Amino acid sequence: MEIHGKLIIIGGAVDKGSFSETNLDQNAAKNLNFFEEGILKRIINESKNKELSRIEVITTASKIPREIGPEYVKAFSYLGANNVDVLYIERREQASEPEVLERLKAADVVMFTGGDQLRLTSILGGTPFDDILIDKYRNEDFIYAGTSAGAAAASNSMIYQGSSQEALLKGEVKITSGLGLIDDVVIDTHFVQRGRIGRLFQAVVGNPKVLGIGLGEDTGLLIKNGRQMEAIGSGLVILVDGREVKDTNLTQVELGKPISINHLVTHVMSKHDTFDLDTFKMQIHSSQYV
């Protein structure tokens, strides 16, 4: 299937209750450090109408949407985009309201904020809003952008819980279905800063067909055609490829016991590096061998 839209997934920065192991920052609106400034500008530049694009900020994942939403509007405005508003969807029935659906249909960009990705999928999954969102992404010059929870929820398989410290103990990582914009990947956020490599390992060894994507803070991936990935932002993207796993004890050990994995391949991407999801080939932008 040819994908006409673009996907921009960002690793997050400010703790807004993204996973069960974290605490909610009640002063987020006062302290929000717009780590995405460079990435937000890229979102604008990649959008259909640039600074004139209609952008809807969707705060469904957040427990403090009335504080977080306006901060994104200010940040976009600072970067020259003023056709921006916050679309508050806090109850499942709102995702079927005609006014909400018309706003989504008119949007060139949706920006999903951080929070709890399980809240995001449980409110939006299977609704008319979700159907329109996927249709626009597949068939229009449209951008789905998501940070933290908004990034984690973009794929078919979604990590929603799991302690970093115990991530390589069987059963400690919880996975469910995401919004389904991209297949055969699983996305984790705040990746380097919170030491989440182990839980991405467990997610991948359970189904090696799935490529693990670990997004550092102030870091993202721009995905075009559903297949071509470019690293953006200032940090690191870690890719975990399980297709060449030779052995594991995953099915032999009891719940709570350590998992062994033989021959798990990883890649590390930084700004401007690219990765092709069809060929699984990575191109380093400033390679020393060019």
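Coordinates for the structure precede this section.
Presented here is an overview of the structure given in this document. (Residues numbered from 1 in each chain as written. Predicted model: local features only at pLDDT ≥ 70, side-chain atom pairs only at ≥ 80, totals over all residues. Heavy atoms only, no water.)

1. Comments concerning the sheet that holds strand E4 (residues 109–112)
Thought 1: With mixed pairing, 9 strands are arranged side by side in an open sheet as E3-E2-E4-E5-E1-E10-E11-E16-E17. Whereas interior strands pair on both sides, the edge strands pair on one side only; in this sheet they are strand E3 (84–87) and strand E17 (281–283). Neighbour-to-neighbour, the strand axes of this sheet turn through a mean angle of 20 degrees, independent of strand direction.
Thought 2: Alignment of strand E1 (residues 6–10) against strand E10 (residues 219–224), held across 5 bridges, turns out to be antiparallel. Each residue of the ladder has a partner; that of isoleucine 9, found in E10, is leucine 221.
Thought 3: Along the sheet face, helix H4 (residues 98–106) touches strand E2 (55–58), E3 and E4 and points at about 140 degrees away from the line of E3. (Pairing = 2+ DSSP bridges. Helix = DSSP H or I, 4+ residues; strand = E, 2+ residues; numbered from the N terminus. Axes fitted to C-alpha atoms, helices over the stretch in contact; angles between N-to-C directions. Contact = heavy atoms within 4.5 Å.)

2. Comments concerning H4
Thought 1: Along H4, the residues classified as buried are Val100, Leu101 and Leu104. For H4, the buried positions fall inside an angular range of 95 degrees around the axis, keeping them on one side. Pointing more than 90 degrees away from the buried face of H4 are the exposed residues Pro98 and Glu99.
Thought 2: Along its buried surface, H4 packs onto E3, E4 and helix H6 (128–139). (Buried < 20%, exposed > 50% of the residue type's maximum accessible area, 1.4 Å probe, protein only. Arc of directions from axis to C-beta.)

3. A word on the layout of surface pockets
Thought 1: Of the volumes computed, that of the largest pocket is approximately 210 Å³.
Thought 2: What lines the largest pocket is Met1, Ile3, Tyr137, Arg138, Gly180, Leu181, Ile182, Asp183, Asn225, Gly226 and Arg227.
Thought 3: Listing elements by their share of the lining of the largest pocket, those giving two or more residues are H6 and strand E8 (182–188).
Thought 4: Taken together, the residues of the lining of the largest pocket break down into 5 nonpolar, 3 polar and 3 charged. (1 Å grid on protein atoms, 1.4 Å probe; cavity = no way out; pocket = protein on both sides within 12 Å on 5 of 7 lines; lining within 4 Å. Points joined across faces, edges and corners; volume = space filled by probe spheres on them. Nonpolar A, V, L, I, M, F, W, Y, C, P; charged D, E, K, R; others polar.)

4. Some words on the side chain of glutamate 56
Thought 1: Tracing the sequence through the fold places glutamate 56 in strand E2.
Thought 2: Assessed through its relative accessible area of 1%, glutamate 56 is described here as buried.
Thought 3: At 3.1 Å, the side chain of glutamate 56 forms a polar contact with the side chain of arginine 54.
Thought 4: In terms of polar contacts, glutamate 56 uses its side chain to reach the side chain of arginine 103, at 2.8 Å.
Thought 5: In this view, glutamate 56 contacts Asp85, Val86, Leu87, Arg103, Ala107, Val109, Val110 and Met111; residues no more than four positions away in its chain are not counted. (Polar contact = N/O pair within 3.5 Å; in protein donor to acceptor, adjacent residues only side chain to side chain.)

5. Focus: the pattern of salt bridges
Thought 1: One pass over the structure, following the stated rule, counts 17 salt bridges.
Thought 2: The salt bridge partner of glutamate 56 is arginine 54, with a shortest N-O separation of 3.1 Å.
Thought 3: In this structure, the salt-bridge partner of arginine 103 is glutamate 56, at a minimum N-O distance of 2.8 Å. You can see arginine 103 sitting in helix H4 and its partner glutamate 56 sitting in strand E2, a full 47 residues away along the chain.
Thought 4: Residue arginine 103 is classed as partly exposed on the basis of its relative accessible area of 22%.
Thought 5: Among the charged side chains, a network of salt bridges with common partners joins Lys6, Arg42, Glu46, Lys224 and Glu230. (Salt bridge = Lys/Arg side-chain N within 4 Å of Asp/Glu carboxyl O.)

6. Notes on the sheet that holds E8
Thought 1: One open sheet accounts for 6 strands, arranged E7-E6-E8-E9-E12-E15; its pairing is mixed. The sheet is open, and its two borders are formed by strand E7 (174–177) and strand E15 (265–269), each paired with just one other strand. For this sheet the average axis-to-axis angle between neighbouring strands, irrespective of direction, equals 25 degrees.
Thought 2: As defined by bridge partners, strand E9 (residues 211–215) adjoins strand E12 (residues 237–241) across 4 bridges and the pair is classed as antiparallel. When the bridges of E12 are listed, glycine 212 appears paired with valine 240.
Thought 3: Along the sheet, helix H5 (residues 117–124) contacts strand E6 (155–161) and E7; its crossing angle with E6, the most-contacted strand, is approximately 130 degrees.
Thought 4: Set on the sheet, helix H8 (residues 197–205) makes contact with E6, E7, E8, E9, E12 and E15; between it and E12 the angle comes to about 30 degrees.

Function-wise, these values are silent; they only describe arrangement.
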